[in-house]
Amino acid sequence: MKFSKYLCMAALAAVTLGLSSCSDDDKTDEFWWFESNCITFEDFSSTQMANPTSYGDNLYYETTADGTTWPHIYSFSSSKGFYSQFNYAEATAWSEGGYYFYNGGIAVSNWSLREDPASEYEGWWYDYLNQCSVYNTAVESGSANAGHAGSGNFAVVYGWGNDASSDALPWFEFKKNGVAFTAKNVKMFVCNSAYTYGVIVNGNAFASSLVSTNGWFKVQAYGFDASGNITNGGDPVEFYLANYSSTENNGQKVEAVSTWQEWDLSALGSVAKIKFNFKGSDTGAWGLNTPAYCCIDDIYYE
């Protein structure tokens, strides 16, 4: 009975305090069992993250200006239960076939540039060349601890499609040591990328400012069970990364998100896989114009 009472007290404390952070630096021995059910991205080495620039040259077969060819990183596996891979696309007249970030995927990063470096042009910080930076105003631009609650690493989600069946959607599976499992009561933290935040506010040559057009932009999460069937009746759980419309989101306006915010995905039920998609008001003949990115961190699951 004494042991059971201790577990109940520890569980209450973990639920109350644990969601504030689950970075490796915050772990204590008494809550190890709770922390083990949180994907922190802290267990990825520097060679598995977007490098050597905030563009993420190693997410493609790229040779940098000094002639260095970086290893191509396209799949990510964490001891905490996270597995993801870039989507595959056949070669076309304008792109090489293979597993590349531009086909949709999730990449691990620790970049956080929100200002133009002295060597770059005006507005560089919200260009695609800075696609792997998070826009987290809780820390200084360039901070090495821009993840949720001061952690170092997070993940960048990129890709969009017409619906949940699209092959272009970024995704991750719950998998440890190569063994898949299902999870429920999933929660995570989400923040805008610098690229997306800057375009939401300022616009660019391809997209309108959502501030000046009273537009909106949101990320969606779809759940799939172990048999590949979509959960929650096929409905996604949505999070508004910006909403300046008086009619969208039940009239609740949302300033472009600039700090980590909790996102509850428990409505998806028991899931083996989660796919992400993006929707927005600035959509044209070629699809979504607002950059289809967000950043995620500290994925809790039961």
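Residues numbered from 1 in each chain as written. Predicted model: local features only at pLDDT ≥ 70, side-chain atom pairs only at ≥ 80, totals over all residues. Heavy atoms only, no water.

Trainee: Could you clarify how one ought to interpret the nonpolar core in this entry?
Mentor: Side chains that are nonpolar tend, in soluble globular proteins, to be buried together. Counting 73 residues, the largest nonpolar core has Trp263 and Phe276 as the members making the most contacts within it. The leading source of residues in this core is strand 17 (residues 293-300), at six residues. In this view, Trp263 contacts Val186, Lys187, Met188, Val190, Val219, Gln220, Ala221, Val237, Glu238, Phe239 and Phe276; residues no more than four positions away in its chain are not counted. (Core = buried A, V, L, I, M, F, W, Y, C linked by side-chain atoms within 4.5 Å. Buried < 20%, exposed > 50% of the residue type's maximum accessible area, 1.4 Å probe, protein only. Helix = DSSP H or I, 4+ residues; strand = E, 2+ residues; numbered from the N terminus. Contact = heavy atoms within 4.5 Å.)

Trainee: For this particular structure, what's the right way to read the confidence of the model for the chain?
Mentor: Any segment with low pLDDT has predicted coordinates that should not be analysed in fine detail. Looking at the chain as a whole, its pLDDT mean stands at 89, while 87% of the residues score no less than 70. Here residues 1-18 scores under 50 on pLDDT; set against residues more than four positions off or in separate chains, the count is 11 contacts. Predicted confidence for residues 24-35 stays below pLDDT 50, and this span has 20 contacts to residues more than four positions away or in other chains. (pLDDT = per-residue confidence, 0-100.)

Trainee: Explanation requested: a nonpolar patch on the surface in the structure shown.
Mentor: Nonpolar side chains collect at one region of the surface, where Tyr74, Tyr88 and Tyr99 lie side by side and expose about 280 Å² of accessible area between them. Turning to its location among the elements, Tyr99 is positioned in strand 5 (residues 98-99). Given the relative accessible area of 32%, Tyr99 is considered partly exposed. (Patch = residues over 30% accessible without salt bridge, like charges linked within 9 Å, V, L, I, M, F, W, Y side chains within 5 Å. Areas by Shrake-Rupley, 256 points an atom, 1.4 Å probe, with all protein chains shown as cover. Salt bridge = Lys/Arg side-chain N within 4 Å of Asp/Glu carboxyl O.)

Trainee: Looking at this structure, how should I read the side chain of Ser84?
Mentor: With respect to the helices, strands and loops of the structure, Ser84 is situated in strand 3 (residues 82-85). One polar contact links the side chain of Ser84 to the main-chain carbonyl oxygen of Trp171, over a distance of 2.5 Å. Leaving out residues up to four positions away in the same chain, Ser84 has contacts with Tyr74, Ser75, Phe76, Ile106, Trp171 and Phe172. (Polar contact = N/O pair within 3.5 Å; in protein donor to acceptor, adjacent residues only side chain to side chain.)

Trainee: Would you mind going over the pattern of salt bridges with me for this structure?
Mentor: Pairing is possible between side chains of opposite charge, provided their charged atoms come close. This model, assessed by the stated rule, comprises five salt bridges. Here Lys187 makes a salt bridge to Asp264, at a shortest N to O gap of 3.9 Å. Here the residue Lys187 occupies a position in strand 10 (residues 187-191), and Asp264 occupies one in strand 13 (residues 261-264), the gap between them amounting to 77 residues. The shortest N-O distance in the salt bridge between Glu248 and Lys218 comes to 3.8 Å. Taken as a pair, Glu248 in the loop between strand 12 (237-243) and strand 13 and Lys218 in strand 11 (residues 216-224) lie far apart in primary sequence, 30 residues in all. When its relative accessible area of 19% is taken as the criterion, Glu248 is described as buried. Among the charged side chains, a network of salt bridges with common partners joins Lys218, Glu238 and Glu248.

Trainee: What is the right way to read the pairing of strand 10 from this model?
Mentor: Burial of strand 10 is extensive: four of the five residues sit out of reach of the surface. Pairing analysis gives four bridges linking strand 10 to strand 13, with the strands arranged antiparallel. Pairing of Phe189 across the sheet is with Glu262, part of strand 13. Two strands pair when backbone bridges link them, and strand 10 and strand 17 are joined in this way by four bridges, in the antiparallel orientation. If you follow Phe189 over to strand 17, its bridge partner there is Asp297. (Pairing = 2+ DSSP bridges.)

Trainee: Would you mind going over the pairing of strand 7 (residues 154-158) with me for this structure?
Mentor: Residues in a regular strand point their side chains to alternate faces of the sheet. Buried residues dominate strand 7, accounting for five of its five residues. Of the two faces of strand 7, the one lined by Phe154, Val156 and Tyr158 and the one lined by Ala155 and Val157 are each fully buried. Across five bridges, strand 6 (residues 105-109) lies against strand 7 in antiparallel orientation. Across the sheet, Gly105 pairs through a bridge with Tyr158, a residue of strand 7.

Trainee: Sorry if this is basic, but what is going on with unusual backbone geometry here?
Mentor: Here the bond from Asn51 into Pro52 is cis, since omega is -5°, no more than 30 degrees from zero. Position of Pro52 relative to the elements: it lies in the loop between strand 1 (38-39) and strand 2 (75-77). Of note, the phi angle at Asn185 is positive, near 50°, even though the residue is not glycine. Along the polypeptide, Asn185 turns up in the loop between strand 9 (179-180) and strand 10.

Trainee: In this structure, what is going on with the packing of aromatic side chains? I would like to understand it.
Mentor: Two descriptors summarise a pair of aromatic rings, namely the distance from one centre to the other and the angle between the planes of the rings. Applying the stated criterion to the full structure yields 30 aromatic pairs. Ring plane angle 25° and centroid distance 5.1 Å describe the contact between Tyr100 and Tyr102, whose orientation is recorded as stacked. Accessibility expressed as a relative area gives 3% for Tyr100, which makes it buried. For Tyr102, a relative accessible area of 36% gives the class partly exposed. Ring plane angle 65° and centroid distance 6.5 Å describe the contact between Phe101 and Tyr293, whose orientation is recorded as edge-to-face. You can see Phe101 sitting in the loop between strand 5 and strand 6 and its partner Tyr293 sitting in strand 17, a full 192 residues away along the chain. The burial state of Phe101 is the same as that of Tyr293; both residues are buried. When the ring centre of Tyr135 is taken as reference, the NZ or CZ atom of Arg114 above it lies at 5.5 Å. (Phe/Tyr/Trp six-rings, centres within 6.5 Å; stacked < 30°, edge-to-face > 60°. Lys NZ or Arg CZ within 6 Å of the ring centre and 35° of its normal.)

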